[in-house]
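Read off the chains here:
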Amino acid sequence: MRSFEGQHSDNVAIKRTREQKQRQLIQLKEQLATLKAHAAPAIREALVKRIAELDAELRQPAKPPREGREGREDSPRPPRRETRPSVFRAEDSADRSAAVSASSVFASPRRRS
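In this report, we go over the structure that sits alongside the text. (Residues numbered from 1 in each chain as written. Predicted model: local features only at pLDDT ≥ 70, side-chain atom pairs only at ≥ 80, totals over all residues. Heavy atoms only, no water.)

**A look at the overall build of the chain**
Put simply, the test is: Only DSSP runs of H or I reaching four residues or more are called helices, and only runs of E reaching two or more are called strands; each is numbered from the N terminus. Buried means the residue's accessible area, taken with a 1.4 Å probe over protein chains only, is under 20% of the maximum for its type, while exposed means over 50%, and partly exposed covers the values in between. Note on contacts: a residue pair qualifies if any of its non-hydrogen atoms lie within 4.5 Å across the two residues. Residue burial considers only the protein chains on display, and all accessible areas are found by Shrake-Rupley using a 1.4 Å probe.
The number of helices and strands found in the chain is three helices and zero strands. Each helix (α) and strand (β) of the chain, taken in turn from the N terminus, gives the series α-α-α. A total of 113 residues make up the chain; the buried ones form 10% of that total. Long-range pairs, those at least 24 residues apart, make up 35% of the contacts in the chain with a sequence separation of at least 6. Element-wise, carbon and sulfur atoms account for 53% of the exposed surface of the chain, whose accessible area totals about 11100 Å².

This is how it looks when you write it as structure tokens:
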């Protein structure tokens, strides 16, 4: 049972860098070479298939780096909306008497004294 849709355990391909794919290809070739003769044929077929897929991916030319990332600061984005001053805080309001009366109305009975 899943807690929400789109979580990491969904059937989604894992994104790997080119170097990670090269390392994985080397590891799979080593596993295939060290596989025992009595190993299940399905395991051998799966390894051969994955090696062929990785080899085909690595033969394709590397993708160029994405545009628009160079020279960009890693600063947070500006807020989408302008922040509005709170009605009930005295330092946000120009009229202190209205803010004080509003805060006293909503204060708990113990603090009204």
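Here the narrative resumes.
**A few points about the pattern of salt bridges**
Quick note on the threshold: We define a salt bridge as a contact between a side-chain nitrogen of Lys or Arg and a carboxyl oxygen of Asp or Glu at a distance within 4 Å.
Inspection of the entire model under this criterion finds three salt bridges. We note a salt bridge from lysine 21 to glutamate 57, for which the minimum N-O separation is 2.8 Å. Separated by 36 residues along the polypeptide, lysine 21 in helix H1 (residues 18–33) and glutamate 57 in helix H2 (residues 41–59) bring together distant segments of the chain. You can call lysine 21 partly exposed: its relative accessible area is 22%. Its relative accessible area of 32% is what places glutamate 57 among the partly exposed residues. Taking the shortest distance from any N to any O, the salt bridge between glutamate 53 and arginine 50 comes out at 3.3 Å. Separated by three residues within a single helix, glutamate 53 and arginine 50 lie in helix H2, roughly one turn from each other.

Function cannot be inferred from these measures alone, as they are strictly geometric.
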